[in-house]
Amino acid sequence: MTGLSRARVARRIAAGAAYGGGGIGLAGAAAVGLLVAEAQLARRRVGNGTAPHVPNADGLYGAAYTVPGEPALRLTMLGDSTAAGQGVHRAGQTPGALLASGVAAIAERPVGLSTVAVPGACSDDLDRQVTRALADPSRVPDICVIMVGANDVTHRMPPTRSVRHLSSAVRRLRTAGAEVVVGTCPDLGSVEPVRQPLRWLARRASRQLAAAQTIGAVEQGGRTVSLGDLLGPEFAANPRELFGPDSYHPSAEGYATAAMAVLPTVCAALGLWPAEEERPDAARREGFLPVARAAAEAASEAGTEVTAAMPAGARGPWALLKRRRRRRVTEAEPEPSIQPS
């Protein structure tokens, strides 16, 4: 599928989500039966969702930067098993811990991490998670990171419904005053036990949903980062290194790769990134595009950020597409006995 075709499909899905349209097939109705049968076989092979182990990474990171009278930044993770960190054994290996320690080092401020993400969650669980995240009006997160979408594809949730739930979550968080970064649907075609033709169908469905998620999130004031390719060439080339023992969830190295891609956008949302990095760089093929075009391009390239840029014009809303330089992140050292202030 070309970038223009993907942009049209993403716009249709996002429009259906915004205006209450019905489901639009991710991979075509004729392929649904085959997709379901192959998905059930793959799910049995990888054991996804059975006895999930998720280390508790909540707590304060960067306590050495504490200054009396200056509160810690608050980071909340929402979404599914990828946001929670299923598949690793130590708290410091989870994406939340990696991001919290990375932000603390760059901001030179402590960061309090809270995780409301749930393994196995689909986008329709985001409403409950947002309610938890905003339960205390005096402790609204400074930044929220949402990683969701894979289970929506495998559970055949209509993409319009999926995007509608995500858009609502971003809107609620932004209205409350939190910055929001969405890691869009990963490329399920990279999961090792998945075979053809499911691999092709899963890749197509994942990228369609990721592009539509980008449109929905950006139009509500959030930023997105494509995770698709992180579960593509890099994971396919190093499946034993970048996938966990179940061959489905990322390993510690895989989560570090994802966190490295998301961290620059999280820092930019918090105003921590160098000013010169905020200007588009033509050498990195950055620039202003209609949001649907930007979403389609981002869905095909991992680590690509999309954020709202200009008011809507004749071709619809515009967005800034950026390919930020990644920052290396290493395993965090959580201090779970110290609660965020």
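Preceding this paragraph is the structure being described.
Residues numbered from 1 in each chain as written. Predicted model: local features only at pLDDT ≥ 70, side-chain atom pairs only at ≥ 80, totals over all residues. Heavy atoms only, no water.

(A) A look at the pairing of strand E4 (residues 143–147). Across the five residues of E4, five count as buried, placing the element largely inside the fold. Covered by surrounding structure in E4 are Ile143, Val145 and Met147 together with Cys144 and Ile146, the residues of both alternating faces. By the bridge criterion, five bridges tie strand E2 (residues 73–79) to E4 in an arrangement that is parallel. Paired with Met77 across the two strands is Val145, which belongs to E4. The sheet contact formed by E4 and strand E5 (residues 179–183) spans five bridges and is parallel. Residue pairing across strands places Cys144 opposite Val180, the latter belonging to E5. (Buried < 20%, exposed > 50% of the residue type's maximum accessible area, 1.4 Å probe, protein only. Helix = DSSP H or I, 4+ residues; strand = E, 2+ residues; numbered from the N terminus. Pairing = 2+ DSSP bridges.)

(B) Representation of the packing of helix H5 (residues 126–133) against helix H7 (residues 159–176) in the model. Contact geometry of H5 with H7 gives a least axis separation of 9 Å together with a crossing angle of 15°. In terms of axis orientation, H5 runs roughly parallel to H7. H7 is crossed by H5, and the crossing has right-handed handedness. Residues Leu126, Asp127, Val130 and Thr131 of H5 touch H7, and the partners they reach there are His165, Leu166, Ala169, Arg172 and Leu173. (Axes fitted to C-alpha atoms, helices over the stretch in contact; angles between N-to-C directions. Parallel < 35°, antiparallel > 145°, perpendicular 65-115°, else oblique. Left-handed = near helix turned anticlockwise from the far one by under 90°. Contact = heavy atoms within 4.5 Å.)

(C) View of the nonpolar core. One finds Leu75, Met77, Leu99, Val145 and Val262 to be the most contacted residues of the largest nonpolar core, which totals 35 residues. Elements represented by at least two residues in this core include exactly E2, helix H3 (81–84), helix H4 (95–107), strand E3 (111–115), E4 and helix H11 (252–269). Among the elements that take part in this core, H11 stands out by supplying nine residues, more than any other. Apart from residues no more than four positions distant in its own chain, Leu75 is found in contact with Gly96, Leu99, Ala100, Val111, Gly112, Leu113, Ser114, Ile143 and Val145. Core analysis: the next-biggest nonpolar cluster, separate from the first, contains 23 residues, Leu209, Val218, Leu289 and Ala299 among them. (Core = buried A, V, L, I, M, F, W, Y, C linked by side-chain atoms within 4.5 Å.)

(D) Region of interest: the pattern of salt bridges. Scanning all chains against the criterion turns up 13 salt bridges. Notably, a salt bridge pairs Arg223 with Glu305, separated by 3.2 Å at the nearest N-O pair. Separated by 82 residues along the polypeptide, Arg223 in strand E6 (residues 223–225) and Glu305 in strand E8 (residues 304–313) bring together distant segments of the chain. Neither Arg223 nor Glu305 differs from the other in exposure class; each is buried. Between Glu297 and Arg323 there is a salt bridge; the shortest N-O distance is 3.5 Å. Of this pair, Glu297 sits in helix H12 (residues 291–299) while Arg323 sits in strand E9 (residues 316–323), placing them 26 residues apart in sequence. Salt bridges sharing partners connect three or more residues here, namely Arg285, Arg293, Glu297, Glu301 and Arg323. (Salt bridge = Lys/Arg side-chain N within 4 Å of Asp/Glu carboxyl O.)

(E) Focus on unusual backbone geometry. A positive phi angle is found at Glu108, which is not glycine, with a value near 55°. Mapped onto the elements of the fold, Glu108 is located in the loop between H4 and E3. Note on Glu108: relative accessible area 54%, which makes it exposed. Of note in this structure, Arg285 is not a glycine but carries a positive phi near 60°. Within the fold, Arg285 resides in the loop between H11 and strand E7 (287–290).

(F) Focus on H5. All of the buried residues along H5 are Leu126, Gln129, Val130 and Ala133. Summarising the axial view, the buried residues of H5 lie within an arc of 100°, below the 170-degree limit, and thus occupy one face. Where H5 is buried, its residues contact E2, E4 and H7. (Arc of directions from axis to C-beta.)

(G) Structural context of the side chain of Glu305. Using a relative accessible area of 0% as the deciding quantity, one classes Glu305 as buried. Polar side-chain contacts of Glu305 include one of 3.2 Å to the side chain of Arg223. Here the side chain of Glu305 touches Thr265 through a polar contact of 2.7 Å, side chain to side chain. In this structure Glu305 touches Arg223, Thr224, Thr265, Leu320, Leu321, Lys322 and Arg324, once residues within four positions along its chain are discounted. (Polar contact = N/O pair within 3.5 Å; in protein donor to acceptor, adjacent residues only side chain to side chain.)

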